[in-house]
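# A closer look at the structure
Listed below are the residues making up each chain.
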Amino acid sequence: MEIVQAKITEKDEIINFIKKNWKENHIFVLDEDLFDFYYKENKYYNMLLAKEEGKIKAILGYIKYSKNSKNIFLSLWKSIDNSMLGLICLEKLKEFYKIHSCGINKKTIPIYKFLEIKTGRLKHFYKLNPQVREYKIAKVSQLEESKSKKYTFYEKEKLEILTNTITNEIYDSISKDENIFFKSYEYFKKIYLNNPYYKYIVLGLKSENLEIKTIVVLREIEINSKKCIRIIDIIGKEELLPILNNYIEEKFIDEMYEYIDLYEIGLNEKVLETMGFLERKENDLNIIPNYFEPFEQKNIEIYYASSADKSYRIFKGDGDQDRPSVLKSKEKKIEK
């Protein structure tokens, strides 16, 4: 048995492994460009393969936010016949990197704990649009409580829409904060600004001196002619987040979004309360869906793992939690 870095020349073998041992219509089987988009790096894939007699028995993919980062997010973990080879791949990666994952299978939590990797559940917050009379995406049973929150407004000039205009200089000035999961400008640009599958809304929040200090990444969802909007990632100072209230209220009126939501761990929850967000807890009566491809009107818990030895923040945009899961047309050409 050997553990090796996946080579570009092994692509067909890896895709066939996914097709045979995961599912025939896995998105990476249907769209090999998407597979390259997430894992390809020069002549290799960011993936370990466990092989026996030259055949793949386990795969473990990972995502790097910058070339020299020692922090990686795990993804695409599969062992044939539930063997221990996947665990061996994980232990191998742990020799070189700090291991993190967003969206782990709850059944694997004991494995992470065995390896002394912390685990937990991302908290799910949401804010309902009080203009909506009948919710179709969400299912709201506790309506009055959800609409009673009060929140603060800020001047409109403290927010700037940055979609496809953010520069390296602006990004670098705010990205190196207390959050240990540093995303390079190259990664940020690839995933959020030039994503060929999804159109993200990128907002810059300004401090008192009108310098952008926080970036918020959102994505609009439309299901059966109804819409919601989701906070996918936050980079920079969280205390500026209430500036979003103006934008949210305008979109609630103009676009009639049913709600805005976010999954997170590590934020100051008092900031979210100031904005009028409610926490959706486990066994909550209200349903704020997470699955849209295909759409499922049910609550979904997202579990995470982290070997970080200091404070960190994790959002739905971390790892591969916000990648397509159904075949889509590409709006932009993918760089090879």
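Given the structure is predicted, the values throughout are model-derived calculations rather than measurements.

## Observations regarding the overall build of the protein chain
- When helices and strands are counted, the protein chain shows 10 helices and 16 strands.
- For 336 residues, the compact-globule estimate of 2.2 N^0.38 gives 20 Å, and the protein chain sits close to it at 20 Å.
- Summarising its shape, the C-alpha atoms of the protein chain cover approximately 65 × 45 × 40 Å along the three principal directions.
- Partitioning the contacts of the protein chain with sequence separation of at least 6, the portion at a separation of at least 24 is 71%.

## With respect to the packing of aromatic side chains
- Applying the stated criterion across every chain, the model contains 19 aromatic pairs.
- An angle of 50 degrees between the planes, with centres 4.8 Å apart, marks the rings of Tyr65 and Tyr187 as tilted. Of this pair, Tyr65 sits in the loop between strand E4 (55-64) and strand E5 (71-79) while Tyr187 sits in helix H8 (residues 185-193), and the two are 122 residues apart along the sequence.
- Tyr65 sits in the buried class, given a relative accessible area of 4%.

## Here we look at helix H1 (residues 11-21)
- Those residues of H1 that sit buried are Lys11, Ile14, Ile15, Phe17, Ile18 and Asn21. The arc that holds the buried residues of H1, viewed along the axis, is 155 degrees, so those residues lie on one side. What points out from H1, more than 90 degrees from its buried face, is the exposed set Asp12 and Lys20.
- On its buried face, H1 sits against strand E1 (2-7), helix H2 (27-30), helix H3 (32-39), strand E3 (44-52), E4 and E5.

## Looking at the pattern of salt bridges
- One pass over the structure, following the stated rule, counts 23 salt bridges.
- For Arg230, the salt bridge is made with Asp261, and the minimal N-O distance between the two is 2.9 Å. Note that Arg230 is positioned in strand E12 (residues 226-236) and Asp261 in strand E13 (residues 259-265), a separation of 31 residues in sequence. For the pair shown, Arg230 and Asp261 are each scored as buried.
- Each of Arg121, Arg280, Glu282 and Glu301 takes part in one network of salt bridges that share partners.

## Thoughts on the nonpolar core
- If you look at the biggest cluster of nonpolar residues, it comprises 53 residues, and the most contacted ones within it are Ile14, Phe28, Phe35, Met47, Phe188, Ile215 and Ile314.
- With six residues, H8 is the single largest residue contributor to this core.
- Here Phe28 is in contact with Ile15, Ile18, Leu34, Phe35, Tyr39, Leu76 and Arg323, once residues within four sequence places are set aside.
- Leu218, Ile243, Leu267 and Phe277 belong to the second-largest nonpolar core, a separate cluster that totals 25 residues.

## Things to note about H3
- In terms of residue burial, H3 counts as a mostly covered element, since six of its eight residues are buried.
- Taken as a whole, H3 has its buried residues at Leu34, Phe35, Asp36, Phe37, Tyr38 and Tyr39.
- Among the residues of H3, the N-terminal cap falls to Asp31, whose side-chain oxygen and the backbone nitrogen of Asp33 are separated by 3.1 Å.

Thresholds, definitions, all that
Residues numbered from 1 in each chain as written. Predicted model: local features only at pLDDT ≥ 70, side-chain atom pairs only at ≥ 80, totals over all residues. Heavy atoms only, no water. Helix = DSSP H or I, 4+ residues; strand = E, 2+ residues; numbered from the N terminus. Rg over C-alpha atoms; globule rule 2.2 N^0.38 Å. Contact = heavy atoms within 4.5 Å. Phe/Tyr/Trp six-rings, centres within 6.5 Å; stacked < 30°, edge-to-face > 60°. Buried < 20%, exposed > 50% of the residue type's maximum accessible area, 1.4 Å probe, protein only. Arc of directions from axis to C-beta. Salt bridge = Lys/Arg side-chain N within 4 Å of Asp/Glu carboxyl O. Core = buried A, V, L, I, M, F, W, Y, C linked by side-chain atoms within 4.5 Å. Polar contact = N/O pair within 3.5 Å; in protein donor to acceptor, adjacent residues only side chain to side chain.

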